[in-house]
Amino acid sequence: MNTRTIDTHTVNTHTIDTSTPVIPADAYDTTAFYADADAIATVTNPTAPDAVTLPSEDASTAELLAAAQEAGRRAVPAPLAETALVARPLLRRAGLPVPEGPLSYAIAPELTIRYAHPADSPVGSAGCLGEDDTLLVTGTLPRVPWGRAATAVVVLAAAPFGPVLFTLTPDLADLAPGGNLAEEPRDDLHLAALEVPAAQVRRIAPELLDEARLRAALARAALIAGAAERCVDLTVAHTTARTQFGRPLSHFQAVKQEEARLIEEAALVRAAVRAAAVPLDTGGPAVRLTVAAAKTQASASAAEIARIAHQLHGAIGMTRLHPLHLATTRLWSWRDEDGDETHWAHCLARPLTAATLWPALTTTP
Amino acid sequence: MPSPVAFPDVALPESARRLRGEVRAFLDEERARGTVLGRPDSWLAGWDPGFSRRLAERGWVGMALPTEYGGAGRGFLERYVVIEELLAAGAPVSAHWVSDRQAGPSVLQHGTEEQRRFFLPRIAAGQCFFSIGMSEKSSGSDLASVATRAERTADGWRLTGTKMWTGGAHVNDYAIVLARTDDAEDRHAGLSQFIVDLRAPGVRVEPIRLMSGEHRFNAVHLEGVDVPDGMLLGRRGDGWQQVTGELAFERSGPERYLSTFPLLVSLLRELEQRRATAEQLTQVGILTARLLSLRQLSLGVAAALDAGASPDTQAALVKDLGTRLEGTLVDTVRSILPTPADPYATPGSHPELLAFALLHSPGYTLRGGTNEILRGIITRGLEQHS
Ligand SMILES: Cc1cc2nc3c(=O)[nH]c(=O)nc-3n(C[C@H](O)[C@H](O)[C@H](O)COP(=O)(O)OP(=O)(O)OC[C@H]3O[C@@H](n4cnc5c(N)ncnc54)[C@H](O)[C@@H]3O)c2cc1C
């Protein structure tokens, strides 16, 4: 499903009015949800209908997470979380300038990287030294979020001399468009011996590679928290307004039971994400634990949240007439991106022992 | 108006970190004495008045009570740190549990000055233990239907009726009893609370055994028990408001998600002796993520209480999530490391702890208000808000 037409008139026209459970068809026609120039403007253009202002570069992680969550809630058609929580901080940490506009990232250890200007080396294999760090990069960056729309993609990869971070502008790559269940762009960028100038390359400590994975996972978890919240908003509005058997749905015990579970599950995800904010700013062993827990919980809760929201909406929720799909298709997509719950649960549990479990759980707040 | 399911962010102060260290050191000493066995559900089943008194000597019972009444005046967050350490360790805290959690705050809030001066210092000293006398045979979820009656006498009240499921009534000193004092159109009016001396004439405590065979519960028959005027708790007719306020304390604590935590610790100990598979670790990770997330929410309720708010909806939410997790934890532990639960295995061994947790498991989602009722509270809270 990677060649949908883009109808620029319908991009960004959905409003988020949770007080109206029955939505006029045209107001919610989001068939073209791929980013184009207009949609992307929501990152930087605060007057767009779905705008969530991109936080300033010195915002705390808690503020960044709140913005990402809001972007998730509104299904903002732009890589806000990717830009604010992943690409920008990584660039800063690597000492590279931060470009304007929407950014994306790719963690791609499988790229083939050589020196563009190899130097003769008396030791080691040929090509293990370069006259400078200009690189020749070959391979594919798979499913880059908003690849086509990003002004730059931050790539973390393994070079012959160790891990590197470099930036590339997507138009230098051969781009194969793709998307996720929510039709958010996930583009493959094919690089054929692409020359990346030394000025755009930084050698990095292996920890930064780790941090990139953690940041990406946490950004995704924050988006999930937002979409989960949207499911709650829409479901409460719907069950309060819709009448069957002469009573609002919300008056039925069985409906209350399910709805409460939905509310709870969303609260749990939100709490998990928030728990990671302070550790990420202050550093230390709690970072890995809290981020792994946040993504595990967010991904693990997605199915239940989407299930209940759809069940309580009845048939209307399955349609494009109603905005619920904006949230649930994102939940289903995002839970698998940047590591699913199996991956992160395993990372979370690996270092734990009977003696360290409780101390680990209480390192935060 | 903030959403009734919004939770404040919590930052535990440095003093809480120190406190945690002190509690851990205390628990190590107690482990060496053999009093802390790491058993699940220790706040229901771990009855050890000696342990309660030693805690009290450190100022860790009635911690949130003001110092003028013998408390430590340390607030709900610091109390939280202490009780979560005790629960995670499976320490025997059931003797003072209800007096610390409920009776103390309730007497402080509604009691007369005389009641405060009498009960609170004794509670904080770990020398006065309470039971809760709310439920009856026909009044479970529908608590307002209680049939126990309090008739006016010359200098007090005479109570007649039968309370059910009264935990610890056979070993505790007092019970806070909800009784009808006045007939009223509105079922929630005309109820009052009394502090009943469990050794007073006319009180007959009849054991009800759990399916594990343990004796924790009772039917408490009140056969014309004379209660002096001074033991009316709060105002005549305000019983319902008082009880619902009390439930916020009863529902919000870490005991609502940590009852079976010691079983997870036991599982990890078992796994360390073999080589855990990736699948086993993944399941442990999923439980851990949920525990960590729930703890954030639970701390949020404590922070709200500390700030003087009444986070009823949030407390209901945490309790529903938490108590379901307690049950899920037992099932998941069982499937991660298939082990036949065995109540006759060596006490403290994994099969024995599993049996204990399993036999207690139906209670997690019942006690303190069933999950179905709690979910009604949650959705009502949100509907009224939206
Ligand atoms: C371990 C344990 C310790 C306890 N300790 C004490 C104690 O110390 N003091 C005390 O006073 N009480 C105590 N209780 C009693 C407890 O508060 C009651 O069991 C509880 O309130 C439920 O009442 P019930 O058992 O009569 O069930 P019922 O109220 O008869 O409910 C049975 C089932 O029907 C469901 N149900 C009922 N009404 C509704 C409704 N309107 N909508 C949806 N579902 C509904 C319930 O959720 C439940 O699943 C304890 C209980 C347990 C299990």
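Numbering of residues begins from 1 in every chain and follows the order in which that chain's sequence is written. The naming scheme follows written order: chains are lettered A onward, ligands numbered 1 onward. Local features in a predicted model are, by the rule used here, given only for residues with pLDDT of at least 70; side-chain atom pairs are given and counted only at 80 or more, and totals for whole chains, interfaces and linings are based on all residues. To get the side-chain values, take all heavy atoms of the structure and skip hydrogens and water.

- You'll find chain B entered in an unreviewed UniProt entry as Acyl-CoA dehydrogenase, with Streptomyces kanamyceticus given as the organism.

- The name that an unreviewed UniProt entry assigns to chain A is Acyl-CoA dehydrogenase, with the source organism given as Streptomyces kanamyceticus.

## A look at the site of the ligand
- Throughout this document, a residue counts as near a molecule or strand when at least one of its heavy atoms sits within 4 Å of that molecule or strand. Around the ligand there are 17 residues in total, and I132(B), S135(B), S141(B), W165(B) and T370(B) lie nearest to it.
- Neighbouring residues of the ligand are not confined to one chain but are distributed across chains A and B.
- Identification of polar contacts relies on pairs of N or O atoms within 3.5 Å, with a donor-acceptor requirement for protein atoms, meaning one able to donate a hydrogen and the other able to accept it, and with residues adjacent in sequence counted only if both atoms are side-chain atoms. With respect to the ligand, the backbone of G167(B) contributes an N or O atom lying 3.0 Å from an oxygen atom.
- Contact between the ligand and E372(B): an oxygen atom at 2.8 Å from a side-chain N or O atom of the residue.
- Only the protein chains shown count as cover for residues, with accessible areas throughout obtained via the Shrake-Rupley method and a probe of 1.4 Å. Look at the ligand: alone it shows 980 Å² of surface, and the protein chains cover 66% of it.
- Think of it as three bins: nonpolar holds Ala, Val, Leu, Ile, Met, Phe, Trp, Tyr, Cys and Pro, charged holds Asp, Glu, Lys and Arg, and polar takes everything else, Gly as well. Among the residues forming the shell around the ligand, the class breakdown is six nonpolar, nine polar and two charged.
- A domain assignment, automatic or from a database, supplies the domain bounds used here. Residue-level mapping places the shell around the ligand at the junction of two domains, with at least three residues from each of domain 2 (132-237) and domain 3 (251-384) of chain B.

## Thoughts on the interface of chain A and chain B
- Contacts: residue pairs with any heavy atoms within 4.5 Å of one another. Facing 41 residues of chain A, the contacting portion of chain B comprises 49 residues.
- Note on terms: buried area is the combined drop in 1.4 Å-probe accessible area of two parts once they are placed together, counting the loss on both. Between chain A and chain B the total buried area reaches about 3900 Å² when both faces are included, carbon and sulfur atoms providing 66% of it.
- Three residues stand out in chain A for area buried against chain B, namely E264(A), W358(A) and P365(A), and they jointly supply 19% of the buried area on that side.
- In the sections that follow, a salt bridge refers to a side-chain nitrogen of Lys or Arg positioned within 4 Å of a carboxyl oxygen of Asp or Glu. Between the two partners, chain A and chain B, sit three salt bridges.
- Two residues, E265(A) and R290(B), come together in a salt bridge whose shortest N-O distance is 2.7 Å.
- If you look at where chain A meets chain B, you find 13 residue pairs in polar contact (both at pLDDT 80 or more).
- Elements represented by at least two residues in the side of chain A that touches chain B include exactly α4 (206-241), α5 (253-275), α7 (286-313), α9 (341-349) and α10 (357-361) of chain A.
- Numbering goes from the N terminus for both helices and strands, where a helix is a DSSP run of H or I of at least four residues and a strand is a run of E of at least two. Broken down by element, the residue count for the side of chain A that touches chain B peaks at 15 residues, all from α5(A).
- Taken together, the residues of the side of chain A that touches chain B break down into 21 nonpolar, eleven polar and nine charged.

## What to know about helix α3 (residues 49-57) of chain B
Residues and elements named next belong to chain B.
- All of the buried residues in α3 are P49, F51, S52, R54, L55 and A56.
- The secondary structure elements touched by the buried residues of α3 are α1 (14-33), α4 (75-89), α5 (94-110) and α6 (113-124).
- Positioned one or two residues after α3, G59 has a phi angle of 85 degrees, which is positive. Per-residue accessibility, obtained with a 1.4 Å probe over protein chains only, is compared with the maximum for each type, and a residue is labelled buried under 20%, exposed over 50%, and partly exposed between these values.

## A look at α6(B)
Residues and elements named next belong to chain B.
- Here a helix's expected span is defined as the number of its residues, less one, multiplied by 1.5 Å. Taking 1.5 Å as the rise per residue, α6 with twelve residues should run 16 Å; its terminal C-alpha atoms sit 16 Å apart, in good agreement.
- Those residues of α6 that sit buried are Q115, R116, F119, L120, I123 and A124. On an axial view of α6, the arc spanned by its buried residues comes to 120 degrees, and they lie on one face.
- Buried positions along α6 lie against α3, α5, β1 (130-133), β4 (174-180), β5 (191-197) and β8 (232-233).
- Downstream of α6 by a residue or two, G126 has a phi angle that is positive, lying close to 70 degrees. Summarising the geometry, the arc corresponds to the directions from the helix axis toward the C-beta atoms.

## With respect to the UniProt feature "domain: Acyl-CoA dehydrogenase/oxidase N-terminal" (unreviewed entry) in chain B
- Taking the UniProt record as the reference, the feature "domain: Acyl-CoA dehydrogenase/oxidase N-terminal" (unreviewed entry) is found at residues 14-127 of chain B.
- Annotated as 68% helix and 0% strand, the span residues 14-127 of chain B places its first and last C-alpha atoms 31 Å apart. UniProt positions are given in the numbering used here, feature names are shortened, and annotations may be inferred rather than shown by experiment.

## Notes on the packing of α5(A) against helix α10 (residues 278-306) of chain B
- Structural elements are reduced to axes, namely lines fitted to C-alpha atoms, with helices fitted over the stretch in contact, and the angle between N-to-C directions of any two is expressed from 0 to 180 degrees. The geometry of α5(A) relative to α10(B) is characterised by a closest axis approach of 8 Å and an angle of 90 degrees between their N-to-C directions. When the axes of α5(A) and α10(B) are compared, the pair comes out roughly perpendicular. Residue-level inspection shows E265(A), A267(A), L268(A), A271(A), A272(A) and A275(A) of α5(A) in contact with α10(B), the latter providing R290(B), L292(B), S293(B), L294(B), Q296(B) and L297(B).
- Each residue belonging to the contact of α5(A) with α10(B) can be placed in one class, and the counts come to eight nonpolar, two polar and two charged. Note on terminology: angles under 35 degrees are roughly parallel, angles over 145 are roughly antiparallel, angles of 65 to 115 are roughly perpendicular, and the others are oblique.

## Section: the pattern of salt bridges
Residue and element names in this part refer to chain A.
- Counted under the stated rule, the structure contains 52 salt bridges over all chains.
- A salt bridge links E82 to R220; the shortest N-O distance between them is 3.3 Å. With E82 in helix α3 (residues 80-94) and R220 in helix α4, this residue pair connects regions lying 138 residues apart in the sequence. For the pair formed by E82 and R220, the shared burial category is buried.
- Among the charged side chains, a network of salt bridges with common partners joins E82, E184, R186, R220, R330, E337 and D338.

## What about the environment of P362(B)?
Residue and element names in this part refer to chain B.
- Looking at the element boundaries, P362 is found in helix α12 (residues 350-364).
- Of the residues examined, P362 reaches a relative accessible area of 39% and is grouped as partly exposed.
- The sequence separation of P362 and R122 amounts to 240 residues, and the corresponding C-alpha distance is 33 Å.

## A look at the sheet that holds strand β4 (residues 152-159) of chain A
All names here are of chain A.
- With mixed pairing, the four strands of this open sheet are ordered in space as β1-β4-β5-β8. With one partner strand each, in any of the chains shown, β1 (103-107) and β8 (201-203) form the two edges of the open sheet. Adjacent strand axes in the sheet meet at a mean angle of 20 degrees, parallel and antiparallel pairs treated alike.
- Being paired, for any two strands, means DSSP has found at least two bridges between them. Here three bridges tie strand β5 (residues 162-168) to β8, and the two strands are oriented antiparallel to one another. Looking at β8, one finds that V164 is bridged to R203.
- Sheet strands touched by α3: β1, β4, β5 and β8. Its angle to β1, the strand with the most contacts, is close to 70 degrees.

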